[in-house]
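For reference, the chains in residue letters:
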Amino acid sequence: MMRRLSLAIGMALLSGIATAAVPASAPPVTLTPDRPAAPAAASPDARLERGRYLAIAADCMACHTAAGGKPYAGGYAIDSPLGTIYATNITPSKKGGIGHYTEADFARALREGVRADGSHLYPAMPYTSYSQLTDADVGDLYYYFMQAVKPVDEPARQTALPFPFNVRLSMLGWNTLFLDNKRFVPDPAKSAQINRGAYLAEGLAHCSACHTPRNVLMAEIGSQTLAGASLGSWHAPNITSDKVSGIGAWTDAELTAYLKTGHVEGKGQAAGGMAEAIQNSLQFLRDDDVAAIVAWLRTVPPVRAPGQTRAAFSYGSAASEEAALRGMAGSTEHHSMNSGAVLFSGYCASCHSASGAGSTGQAYPALFNNTATGGNTPANLVSAILFGVERKIEGEEHEAFMPRFDQRSYVQPLTDEQIASIANYVLKQYGNPDVSVTPAYVAQARSGGEKPVLARLQPFMLPGGIVGILLLIALLVWLRRRRQRNV
């Protein structure tokens, strides 16, 4: 996703060999951290099948495949807060990809963020999580990429961040501070299932890359693990075991359904980067692995958001103002779409119903008892209106879809003021009434969300560096002249 420094991660469905869904009906298996079991219908080469499954669990396809591009050929644009990062070609091509990588080179890139040529990767590639992968799993991944992925000779587009972020050597210092390059060690006090869930979620699925807030230098804040974080315009929610701010009040069945389908009636729906993670990765995990992740989530220490007293999904009920709107505007009146209620009636009610109850079967979800409208931030509500929702689950007849209403909309582009009006109407009518949206907030979301301190300081870094160098030169000249006078 991000997903990654943001990072988050739009994407194509898995294709070719990487798209074969893992059967959910496979018999029980022995769970170990470094050997995801092959399904019952495994290929003759069990190692190849393990590598394929690991690549799905790690969601490699999502970031390394551009929309409409060839699998793993790179070029996907990751809109990080520090600039656009383009994913590399990781096919076994010796011209454009990693065909010249040894297994040791592959392991170093995967777990330390250092390419075969010695240059450093940005942590948009979640090597800080992949560092936990065992040698056996890294070997199986390498074997899969070298033996089963079709080589693509075209190199991916190069990343060109602004100064000083384009100085990749600076990542050496960042890694020294923030990379804990250690392998996963099972907790003997926990069950094999929980250890398996921890290995999947903390390592392969790199959940913390999106759900953990980051410090000024864009590193995860360990004391706030999985407590929720901003991802550009979107917000990755708190998934700790807290019953108010996190997922502690969700049942195992609800968590399982969410991870497999992205939809739980009366709780929430996946959008943005999470929808992509479910569409490309999580829905294909074995049932026992999803159960292991759920079991592990129960053990994550709870983190309560300051001031939050109600769960996000607990807000709202069905209510309609449709009857009161009839006849308010004449048939030839201009600019009649002038309130949140009228805008909601015109652009939202046809799918979500005039009462906000959604459609029969909830293909279009209710707007009450919905984490997007009941949360303590309007980020996901506003982002859903701006950028829409797309989520496709294998076996489901209809794709989850909501059109976008930003400037790229093919339905109707809405202004910042209109979106703010709709959002405020929905929040007051169906969601958390203590949250409000301004046109300025929508404009910020439209442009990628609030920028972190490091990004805001970037324009001043070059002139500041020049001034610093000049001051240093002036100091050296002064010291030299002073020394000469004292001789």
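Scroll up for the structure.
In short, a report on the structure.

Enumeration according to the criterion identifies 11 aromatic pairs in this entry. Their ring planes at 80 degrees and their centres at 5.0 Å tell us that Y72 and F145 sit as a pair that is edge-to-face. On the criterion of sequence distance, the pair formed by Y72 in the loop between α2 (60-64) and β1 (77-80) and F145 in helix α5 (residues 135-148) is long-range, its members being 73 residues apart. Counting every residue linked through ring pairs, the aromatic cluster contains Y72, F106, Y142, Y144 and F145. Over the ring of F313 we find K267; its NZ or CZ atom is 4.4 Å from the centre of that ring. Above the ring of Y315, the side-chain terminus of R310 is found at 4.0 Å from the ring centroid.

On to the pattern of salt bridges. Tallying each qualifying case throughout the model produces 16 salt bridges. One continuous salt-bridge network, built from bridges that share partners, spans R47, R50 and D140.

The subject of this paragraph is unusual backbone geometry. Peptide bonds are trans in most cases, and residues, glycine excluded, mostly fall at negative phi. Omega for the bond connecting F163 with P164 falls within 30 degrees of zero, at 0 degrees, which places this linkage in the cis form. Residue placement: P164 occurs in the loop between α5 and α6 (170-178). Although it is not a glycine, H206 sits at a positive phi angle of roughly 40 degrees.

Bringing the side chain of S245 into the picture now. Considering the arrangement of structural elements, one finds S245 in the loop between β4 (234-236) and α9 (252-261). Side-chain polar atoms of S245 contact the backbone nitrogen of A305, separated by 2.8 Å. Residues in contact with S245, not counting those within four places in the same chain, are N238, V303, R304, A305 and Q308.

If a strand is regular, its side chains alternate between the two faces of the sheet. Only one face of β1 is buried, namely the one carrying I78 and S80, since none of A77 and D79 on the opposite face is buried. Where β1 and strand β2 (residues 83-86) come together, four bridges link them in antiparallel fashion. The residue bridging I78 from the neighbouring strand is I85, located in β2. Between β1 and β2, which follow one another and run antiparallel, lie two residues.

Burial runs high along helix α11 (residues 287-297): nine of the 11 residues are buried. For α11, every residue scored as buried is listed here: D288, D289, V290, A292, I293, V294, A295, W296 and L297. Lining the buried residues of α11 we find α1 (46-57), α7 (192-204) and α9.

The rules behind these values
- Residues numbered from 1 in each chain as written.
- Predicted model: local features only at pLDDT ≥ 70, side-chain atom pairs only at ≥ 80, totals over all residues.
- Heavy atoms only, no water.
- Phe/Tyr/Trp six-rings, centres within 6.5 Å; stacked < 30°, edge-to-face > 60°.
- Helix = DSSP H or I, 4+ residues; strand = E, 2+ residues; numbered from the N terminus.
- Lys NZ or Arg CZ within 6 Å of the ring centre and 35° of its normal.
- Salt bridge = Lys/Arg side-chain N within 4 Å of Asp/Glu carboxyl O.
- Polar contact = N/O pair within 3.5 Å; in protein donor to acceptor, adjacent residues only side chain to side chain.
- Contact = heavy atoms within 4.5 Å.
- Buried < 20%, exposed > 50% of the residue type's maximum accessible area, 1.4 Å probe, protein only.
- Pairing = 2+ DSSP bridges.

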